[in-house]
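Architecture and fold: a report
The lines below spell out each chain.
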Amino acid sequence: MAETDPTRVRAQRSLQEGGRRRWLIPGAIFAAICVALFIGMLQLQILVPTIALVLTASLFAAMVVVALTVERARTRNRAMAWLMGAMAVSALVCAVVVMAGEWSTAV
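Thresholds applied
Residues numbered from 1 in each chain as written. Predicted model: local features only at pLDDT ≥ 70, side-chain atom pairs only at ≥ 80, totals over all residues. Heavy atoms only, no water. Helix = DSSP H or I, 4+ residues; strand = E, 2+ residues; numbered from the N terminus. Buried < 20%, exposed > 50% of the residue type's maximum accessible area, 1.4 Å probe, protein only. Contact = heavy atoms within 4.5 Å. Areas by Shrake-Rupley, 256 points an atom, 1.4 Å probe, with all protein chains shown as cover. Patch = residues over 30% accessible without salt bridge, like charges linked within 9 Å, V, L, I, M, F, W, Y side chains within 5 Å. Salt bridge = Lys/Arg side-chain N within 4 Å of Asp/Glu carboxyl O. Core = buried A, V, L, I, M, F, W, Y, C linked by side-chain atoms within 4.5 Å. pLDDT = per-residue confidence, 0-100. Expected span 1.5 Å × (residues − 1). Axes fitted to C-alpha atoms, helices over the stretch in contact; angles between N-to-C directions. Parallel < 35°, antiparallel > 145°, perpendicular 65-115°, else oblique. Left-handed = near helix turned anticlockwise from the far one by under 90°. Nonpolar A, V, L, I, M, F, W, Y, C, P; charged D, E, K, R; others polar. Polar contact = N/O pair within 3.5 Å; in protein donor to acceptor, adjacent residues only side chain to side chain.

A look at the overall build of the chain
Tallying secondary structure elements over the chain gives four helices and zero strands in all. Each helix and strand of the chain, ordered N terminal to C terminal, gives the series α-α-α-α. A buried classification covers 27% of the 107 residues belonging to the chain. Residue pairs at least 24 apart in sequence account for 67% of intrachain contacts in the chain once pairs closer than 6 positions are excluded. Carbon and sulfur atoms form 73% of the exposed surface of the chain, whose accessible area is close to 6900 Å².

What to know about a nonpolar patch on the surface
Together, Ile-25, Ile-29, Ile-33 and Leu-37 make up an exposed nonpolar region whose accessible area comes to about 390 Å². Locating Leu-37 in the fold gives a position in helix α2 (residues 21-41). On the basis of relative accessible area, Leu-37 is assigned to the exposed category, the value being 53%.

A word on the nonpolar core
Counting residues in hydrophobic clusters, the biggest one holds eleven residues: Trp-23, Leu-24, Ala-31, Leu-59, Met-63, Val-66, Ala-67, Met-80, Leu-83, Met-84 and Met-87. Once you skip the residues sitting within four places of it in the chain, Leu-24 turns out to touch Phe-60, Met-63, Val-64, Ala-67 and Met-80. Met-41, Leu-53, Ala-91 and Ala-95 belong to the second-largest nonpolar core, a separate cluster that totals ten residues.

Structural notes on the side chain of Ser-90
Mapped onto the fold, Ser-90 is located in helix α4 (residues 73-106). The residues contacting Ser-90, other than those within four sequence positions of it, are Leu-55 and Leu-59.

Some thoughts on the confidence of the model for the chain
Caution applies to low-pLDDT regions: their predicted coordinates should not be interpreted in detail. This prediction gives the chain a mean pLDDT of 89; 85% of its residues lie at or above 70. Averaged over each element, pLDDT in the chain is lowest for helix α1 (residues 13-16) (63) and highest for helix α3 (residues 47-69) (97).

Some points on α4
Between its first and last C-alpha atoms α4 spans 49 Å; for 34 residues at 1.5 Å apiece the expected length is 50 Å, and the two agree. Three or more residues of α4 are buried, namely Arg-76, Asn-77, Met-80, Leu-83, Met-84, Met-87, Ser-90, Ala-91, Cys-94, Ala-95 and Val-98.

A short note on the packing of α2 against α3
The geometry of α2 relative to α3 is characterised by a closest axis approach of 9 Å and an angle of 165 degrees between their N-to-C directions. The angle between the axes of α2 and α3 places the two elements in the roughly antiparallel class. For α2 against α3, the interelement crossing comes out left-handed. The residues of α3 that touch α2, namely those facing Trp-23, Leu-24, Gly-27, Ala-28, Ala-31, Cys-34, Val-35, Phe-38, Ile-39 and Met-41, are Pro-49, Ala-52, Leu-53, Thr-56, Phe-60, Met-63, Val-64 and Ala-67. Class assignment of the residues belonging to the contact of α2 with α3 gives a composition of 16 nonpolar, two polar and no charged.

Thoughts on the side chain of Gln-45
Mapped onto the elements of the fold, Gln-45 is located in the loop between α2 and α3. Looking at Gln-45, its side chain comes within polar contact range of the main-chain oxygen of Val-98, at 3.5 Å. When neighbours within four sequence positions are excluded, Gln-45 is seen to be in contact with Val-97, Val-98, Gly-101 and Glu-102.

As structure tokens, this is what we get:
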């Protein structure tokens, strides 16, 4: 009964079925935006944007590995959703750390 309830988050169609491109294309676009922003932040600081670049590239690479190796669609889509969420959270944390560092030196 719980799995057939369409209002549950885990019952979304994008997590239950679908191809690899459903998560890889938005993940690639998001990773490209993050990389561009962090490359721009390299003018402000070196360490945190470099860590963010490596982390973003690693999480996207993990998405590609999951897409190529996991056969079951439900497991693959959930793993790719978690990886994309981790990419978003890590990018946000790194951007906030850079901004906080710059703000604290300006004040």
